[in-house]
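Descriptive structure summary
Chain residues, written in single-letter form:
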Amino acid sequence: MPAPIRYVQDSANFPDSADVVVIGAGIAGAAATWELAKQGLKVVLIEKGLVGAEQSSRNWGWCRQQNRDERELPLIIYALQRWGELNDETGEELGFRRSGLVYATQEESDIAAWDKWIQMAKGYGVNSSILTAEQAKAMTPGSTTSWRGGLSAPTDGHAEPSLAAPGLVAGALKKGALLFQQCAVRGLDIAGGRVSGVWTERGLIKTSRVICAAGAWTSMFCRRHGIDLPLGNVIGTAFRTQPIEQAIAMPLYTPGFACRPQMDGSYTVSVSGRGRLEPGAQGLRYARQFYPTFKSRRKNLTLNLGLSPFFNGPEAMGGWSFDRESPFERMRILDPAADAKIVEEGLAAMRREYPALANLRLAQSWGGMIDSTPDAIPVISTVAKLPGLVLSAGYSAHGFGIGPGAGRLAADLATEATPIVDPTPYRYSRLVDGSGLETPGMM
Ligand SMILES: Cc1cc2nc3c(=O)[nH]c(=O)nc-3n(C[C@H](O)[C@H](O)[C@H](O)COP(=O)(O)OP(=O)(O)OC[C@H]3O[C@@H](n4cnc5c(N)ncnc54)[C@H](O)[C@@H]3O)c2cc1C
């Protein structure tokens with residue numbers, strides 16, 4: 001079942017040219033579109049389904065520096081600053097609140113890992129602190145567990161996935177950007193070895209600059225152009241409860257559940273680290289690159305084997321021509337089923353932990369297909385063999401919070417401006433030459 005999402009109205013007249021075309025209206029594409037439109041460029045955003053309807057509306061909404069890989073820290077620090085500005089700048093409600101995040105645990109190993117991260121992050125001015133057992137209890141009033149300790153990340157926050165990507169797009173439209181939904185980009189037009197346009201199901205748009213922010217579909221899109229992009233897809237599950245009298249005031253992580261309270265008294269909930277694999281041709285193609293991650297996360301992953309992913313969706317095999325229906329328009333919205341066991345476990349854990357939530361009820365659950373890189377660091381990068389193309393994908397289950405930073409960096413690369421942060425950690429080339437891949441990133 002799709003997660004809730006705000007609808008944004010399409011533009012009227014389909015253009016035949018643009019300064020930049022952005023493929024995909026998730027948070028990465030929406031944020032890039034906003035940044036480019038703000039600069040006065042003629043930017044056209046093309047979405048095969050609806051704005052935000054894939055991963056970007058299905059996530060927990062956490063915008064965290066906490067436990068980020070060091071390579072992502074400069075970009076997430078910038079992103080959090082931008083989250084604080086974007087409501088006013090766009091004139092749209094994105095739901096961002098710098099609420100702080102709280103983690104609580106009974107495991108000494110969690111506390112040791114968090115403490116190690118805090119020592120590293122201090123160098124970047126990040127202001128998290130370890131909680132003693134008493135402090136963890138005080139930060140989780142009404143919980144039953146006697147926590148061994150916890151962590152407080154007071155400068156982190158959350159935004160509203162049903163509003164954020166749509167709000168950025170709505171803001172960009174006011175600045176002159178154009179949006180076309182239910183319109184897949186089937187491929188790139190290439191002349192003289194560089195990008196010269198995009199072929200959409202409504203015709204060609206001439207452009208010399210394209211940002212491909214196609215989420216779980218990016219690897220398939222790239223392969224059609226001979227660009228090898230090893231992405232692994234994992235299905236995550238989240239759910240929303242019915243409103244109930246408030247028991248948890250701010251986003252909370254515990255080993256049994258992670259939740260974010262909503263303004264209406266409901267919670268968005270999941271169980272951290274859990275996922276489902278349904279490999280198709282892409283999964284087999286990149287099995288070697290993802291085997292180390294698979295091995296280390298094996299106990300939290302379920303494996304569903306079947307033939308359907310080989311024929312449908314972003315893992316399917318085969319090619320397509322640009323003048324016929326493509327795999328992108330055959331699946332307007334990628335809507336994997338929620339994992340019922342994760343939903344049951346998360347609900348039960350919340351009810352157990354908080355007696356005040358004993359009557360907590362499920363409202364809606366959904367799955368979301370997460371595109372990951374082998375080192376869990378995104379690709380925000382030009383591609384040497386195809387000038388004019390910028391990739392923005394592989395956000396590895398933590399791309400929502402970093403979205404505004406990712407959008408700005410992709411826009412900088414597309415316009416050849418001085419990048420807002422050093423783009424080296426996000427370079428595409430590492431995924432094909434292996435340089436730096438030996439250091440797996442944090443989830
Ligand atoms: C259950 C779950 C919980 C998560 N929790 C968090 C969290 O708390 N914090 C966090 O930071 N991250 C979280 N994430 C990860 C986060 O949601 C993603 O990293 C982020 O949304 C990725 O955004 P995106 O724009 O790259 O991709 P998407 O949102 O998937 O957008 C890609 C878009 O491209 C479109 N598209 C694809 N191909 C084409 C084409 N050929 N033509 C036109 N359009 C195309 C698709 O239709 C889609 O709308 C979570 C993810 C899940 C599933």
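Look up: the structure comes first, before these words.
Just so you know, these numbers come straight off a predicted model, no measurement behind them.

What counts, and where the lines are drawn
- Residues numbered from 1 in each chain as written.
- Predicted model: local features only at pLDDT ≥ 70, side-chain atom pairs only at ≥ 80, totals over all residues.
- Heavy atoms only, no water.
- Helix = DSSP H or I, 4+ residues; strand = E, 2+ residues; numbered from the N terminus.
- Buried < 20%, exposed > 50% of the residue type's maximum accessible area, 1.4 Å probe, protein only.
- Polar contact = N/O pair within 3.5 Å; in protein donor to acceptor, adjacent residues only side chain to side chain.
- Contact = heavy atoms within 4.5 Å.
- Near = heavy atom within 4 Å.
- Areas by Shrake-Rupley, 256 points an atom, 1.4 Å probe, with all protein chains shown as cover.
- Pairing = 2+ DSSP bridges.
- Axes fitted to C-alpha atoms, helices over the stretch in contact; angles between N-to-C directions.
- Parallel < 35°, antiparallel > 145°, perpendicular 65-115°, else oblique.
- Left-handed = near helix turned anticlockwise from the far one by under 90°.

Considerations on the environment of glutamate 134
The topology assignment puts glutamate 134 in helix α5 (residues 133–139). A relative accessible area of 60% means that glutamate 134 is categorised as exposed. Sequence separation between glutamate 134 and serine 146 is 12 residues, and the spatial gap between their C-alpha atoms is 8.6 Å.

Section: the side chain of threonine 373
Residue placement: threonine 373 occurs in the loop between β19 (362–372) and β20 (379–382). Residue threonine 373 is classed as buried on the basis of its relative accessible area, which comes to 3%. Of note is the side chain of threonine 373, whose polar atom sits 3.0 Å from the side chain of aspartate 375. Polar contacts involving the side chain of threonine 373 include one to the main-chain amide nitrogen of alanine 376, which spans 2.9 Å. Look past the residues within four positions of threonine 373 in its chain and what remains in contact with it is Pro230, Leu231, Phe290, Pro378, Val379, Gly394, Ser396, Arg430 and Leu431.

Quick look at the site of the ligand
Lining the immediate surroundings of the ligand are 33 residues, of which Glu47, Ser56, Trp62, Gly399 and Gly401 lie closest. A distance of 3.0 Å separates an oxygen atom of the ligand from a polar atom in the backbone of alanine 28. Glycine 401 places a main-chain nitrogen or oxygen 2.7 Å from an oxygen atom of the ligand. Contact with the protein chains covers 98% of the free accessible surface of the ligand, which is 1,000 Å². At the level of secondary structure, the elements contributing two or more residues to the shell around the ligand comprise α1 (27–38), α2 (55–58) and β19.

Points about the sheet that holds strand β9 (residues 185–191)
Pairing is antiparallel in the open sheet, where 3 strands are placed in the order β9-β10-β11. Strand pairing shows two members of the sheet lacking a second neighbour, β9 and β11 (203–206), which therefore form its edges. Neighbour to neighbour, the strand axes of the sheet diverge by 30° on average, direction disregarded. When strand β10 (residues 194–200) meets β11, the two strands line up antiparallel, connected through 4 bridges. By the bridge assignment, tryptophan 199 is partnered in β11 with leucine 204.

A closer look at unusual backbone geometry
In this structure, glutamine 182 takes a positive phi of about 50° despite not being glycine. Looking at where glutamine 182 falls in the secondary structure, it is placed in the loop between β8 (178–180) and β9. Its relative accessible area of 40% is what places glutamine 182 among the partly exposed residues. With a phi angle near 60°, alanine 376 is a residue other than glycine that sits in the positive phi range. Inspection of the secondary structure assignment puts alanine 376 in the loop between β19 and β20. Alanine 376 gets classed as buried once you look at its relative accessible area, which sits at 6%.

Brief notes about the packing of α1 against helix α3 (residues 73–90)
Contact pair α1 / α3: the axes reach a minimum separation of 13 Å and the direction vectors enclose 60°. One way to sum up the angle between α1 and α3 is to call them oblique. Between α1 and α3 lies a crossing of left-handed hand. Contact residues: α1 offers Ile27, Trp34, Glu35 and Lys38, while α3 offers Arg82, Trp83, Leu86, Glu89 and Thr90.

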